[in-house]
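Geometric and topological summary
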Amino acid sequence: MGCDRNCGLIAGAVIGAVLAVFGGILMPVGDLLIEKTIKKEVVLEEGTIAFKNWVKTGTEVYRQFWIFDVQNPEEVMMNSSNIKVEQKGPYTYRVRYLAKENVTQDPEDNTVSFLQPNGAIFEPSLSVGTENDNFTVLNLAVAAAAHVYQNAFVQVVLNSLIKKSKSSMFQTRSLKELLWGYKDPFLSLVPYPSVTTTVGLFYPYNNTADGVYKVFNGKGNISKVAIIDTYKGKRNLSYWESYCDMINGTDAASFPPFVEKSQVLQFFSSDICRSIYAVFESEINLKGIPVYRFVLPSKAFASPLQNPDNHCFCTEKIISKNCTSYGVLDISKCKDGRPVYISLPHFLHASPDVSEPIDGLNPNEEEHRTYLDIEPITGFTLQFAKRLQVNLLVKPSKKIEALKRLKRNYIVPIIWLNETGTIGNEKANMFRSKVTGKINLLGLIEMILLSVGVVMFVAFMISYCACRSKTIK
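None of these values were measured; they are calculated from a predicted model. (Residues numbered from 1 in each chain as written. Predicted model: local features only at pLDDT ≥ 70, side-chain atom pairs only at ≥ 80, totals over all residues. Heavy atoms only, no water.)

1. As for the pattern of salt bridges
Under the defined criterion, the tally for this structure stands at 16 salt bridges. One salt bridge connects Lys214 with Asp109, and the closest N-O pair in it is separated by 3.1 Å. Of this pair, Lys214 sits in strand E10 (residues 209-216) while Asp109 is found in the loop between strand E3 (101-106) and strand E4 (111-117), placing the two residues 105 residues apart along the sequence. With a relative accessible area of 22%, Lys214 lands in the partly exposed category. The partly exposed category is assigned to Asp109, whose relative accessible area is 29%. Put simply, Arg293 and Asp373 hold a salt bridge, and the shortest N to O gap is 2.7 Å. Here Asp373 lies in strand E18 (residues 371-374) and Arg293 lies in strand E14 (residues 289-295), a separation of 80 residues in the sequence. In this structure, Arg293 and Asp373 share a single accessibility class: buried. It is possible to trace a salt-bridge network through shared partners that takes in Arg63, Arg96, Asp271, Lys386 and Glu419. (Salt bridge = Lys/Arg side-chain N within 4 Å of Asp/Glu carboxyl O. Helix = DSSP H or I, 4+ residues; strand = E, 2+ residues; numbered from the N terminus. Buried < 20%, exposed > 50% of the residue type's maximum accessible area, 1.4 Å probe, protein only.)

2. So, the nonpolar core
Within the largest apolar cluster, 92 residues are counted, with the highest numbers of intra-cluster contacts made by Ile83, Tyr93, Leu138, Met169, Phe186, Phe301 and Ile415. No other element matches the seven residues that strand E20 (residues 410-422) contributes to this core. In terms of nonpolar packing, the next biggest core, distinct from the first, is built from 28 residues, Phe51, Trp54, Val55 and Leu286 among them. (Core = buried A, V, L, I, M, F, W, Y, C linked by side-chain atoms within 4.5 Å.)

3. A closer look at the sheet that holds E10
The strand order E3-E4-E10-E11 describes an open sheet built from four strands, whose pairing is antiparallel. Among the strands making up the open sheet, the edge pair consists of E3 and strand E11 (228-231). In this sheet, neighbouring strand axes are inclined to one another by 20° on average, regardless of whether the strands run parallel or antiparallel. In this structure, E3 lies alongside E4, joined through four bridges in antiparallel fashion. Counted as the bridge partner of Asp106 is Thr111 from E4. (Pairing = 2+ DSSP bridges. Axes fitted to C-alpha atoms, helices over the stretch in contact; angles between N-to-C directions.)

4. Focus on the packing of aromatic side chains
According to the stated counting rule, one finds 18 aromatic pairs in the structure shown. When the centroid spacing of 5.7 Å and the interplanar angle of 85° are considered together, the rings of Tyr91 and Phe135 count as edge-to-face. Taken together, the positions of Tyr91 in strand E2 (residues 83-95) and Phe135 in strand E6 (residues 134-138) put the pair 44 residues apart, joining distant regions of the chain. Taken as a pair, Tyr91 and Phe135 share a single burial class, namely buried. Between the aromatic rings of Phe380 and Phe431, the centroid separation amounts to 6.2 Å while the plane-to-plane angle is 65°, which identifies the pairing as edge-to-face. Residue Phe380 is found in the loop between E18 and strand E19 (381-394), and its partner Phe431 is found in helix H10 (residues 425-472); the two are separated by 51 residues along the sequence. Judged by its relative accessible area of 15%, Phe380 is buried. A relative accessible area of 5% means that Phe431 is categorised as buried. One aromatic cluster is present, formed by Phe51, Trp54, Phe114, Tyr213, Tyr231 and Phe268 through successive ring pairs. (Phe/Tyr/Trp six-rings, centres within 6.5 Å; stacked < 30°, edge-to-face > 60°.)

5. Observations regarding helix H5 (residues 152-164)
End to end, H5 covers 19 Å across 13 residues, agreeing with the expected 18 Å (1.5 Å per residue, within 8%). Among the residues of H5, Gln155, Leu158, Asn159, Leu161 and Ile162 are the ones counted as buried. Buried residues of H5, viewed axially, fall in a sector of 165°; they line one side. Within H5, the exposed residues directed more than 90 degrees away from the buried face are Phe153 and Lys164. Residues of H5 that are buried sit in contact with helix H4 (140-148). Of the residues that open H5, the one with a side-chain oxygen 2.9 Å from the backbone nitrogen of Phe153 is Asn151. (Expected span 1.5 Å × (residues − 1). Arc of directions from axis to C-beta. Contact = heavy atoms within 4.5 Å. Polar contact = N/O pair within 3.5 Å; in protein donor to acceptor, adjacent residues only side chain to side chain.)

6. Quick notes on the confidence of the model for the chain
Residues with a pLDDT of 70 or more make up 82% of the chain, whose mean pLDDT is 84. Throughout residues 16-27 the model reports pLDDT below 50, and contacts reaching past four residues in sequence, or to other chains, amount to 26 contacts. Within the model, pLDDT remains below 50 along residues 441-461, and this stretch shows 38 contacts once partners closer than five positions in the same chain are excluded. (pLDDT = per-residue confidence, 0-100.)

7. Comments concerning the environment of Gly58
Structurally, Gly58 can be placed in the loop between helix H2 (49-55) and strand E1 (61-70). On a C-alpha basis, the gap between Gly58 and Glu426 in space is 9.3 Å, while along the polypeptide they are 368 residues apart. Those residues in contact with Gly58 that sit more than four places away from it in its chain are Asn53 and Lys427.

Written out as structure tokens, the structure reads:
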């Protein structure tokens, strides 16, 4: 009887040990199965989960605009006063709803090339007004004239055309005109056929395409999936391609899988003509999916003295105060010489000298920062907010009457934008069932087997020892 009981206890302990060992073995095996599945599904080729969502995003993406309405235009032109602005918005458009075009796989180097069509649909229900709302803003053509054409004789000619067209330093334009283009009366008088007479912050946009992009599809080397190999777009990036190597990373829609918190994630944006980067901030739960939040650090817009990577964006020693100013990036090299500066909204993280001539700004870290929420196992971006401000440099000019009373340089904010996207409920459910759900289930089974095995082994061994002790007595 004692022997049978002892044998039963030993058998139970053995079973527990087997379960514990099996659970322990299942862990690395399960991890390998997960890794194999992920590596297969994130490759950018026909038939994978990644490819389907990459060609046409299932996430609704919106771009909100806030316009800086100038309150004292006459005072600025006459006395070179601080520019008083009032933020008006948001005005919302749906963007990135068109599928990629000309998708072409190249098996020779494991890349895929494509065009990203541009389109914007106004969303009245998500806006404070209509596309016909008017604003007092900087005159884009007049403000840029002194910078683009610095020859004194040419400026005299341009001044006569500015006066003839009754143009000034500021103008009143509708939202639609300011964003998507209008025929400028001053430029229409310039007697050069090469001069573009239509002006707009995002002109041309609708019915155009960004690219050609060429990215690695991940076959043969999953660590390079979605990383940009080459970019040939309408932007003039030859300066940075050859001098600063500024086309790095992905397009931020996804990153190579198995993202670590210690990583610095690089991504390219044609809007700002450069690659930029984000660093880990926190873990959050997005619709039941654990994600890592990566944020754009203040160092990304730092002066070249603080961040040598930004030396390419310090092109004028006077404006930048010998490259000590920070918070704005001069991207005129890829804007055909027009003095366009990019910053975070309301000059967040900018040096005091940048915002000093502008009244009415209220930088706020929570509202004005850029972030990406990334599912770390797949590398997919499930939520993001890209926030940028478009500014134009205005300088005094003795030959152009509209600018001759200015006594200082201004970097004038025109608009700021917030482009956002969040995975929809249907896509989130699919993602949980096909990715995180299976991973969690496998992990749960592993832990149950390991835990039950350990408990059974310990319990039976304790019972066996107690039984043996009684038998000896």
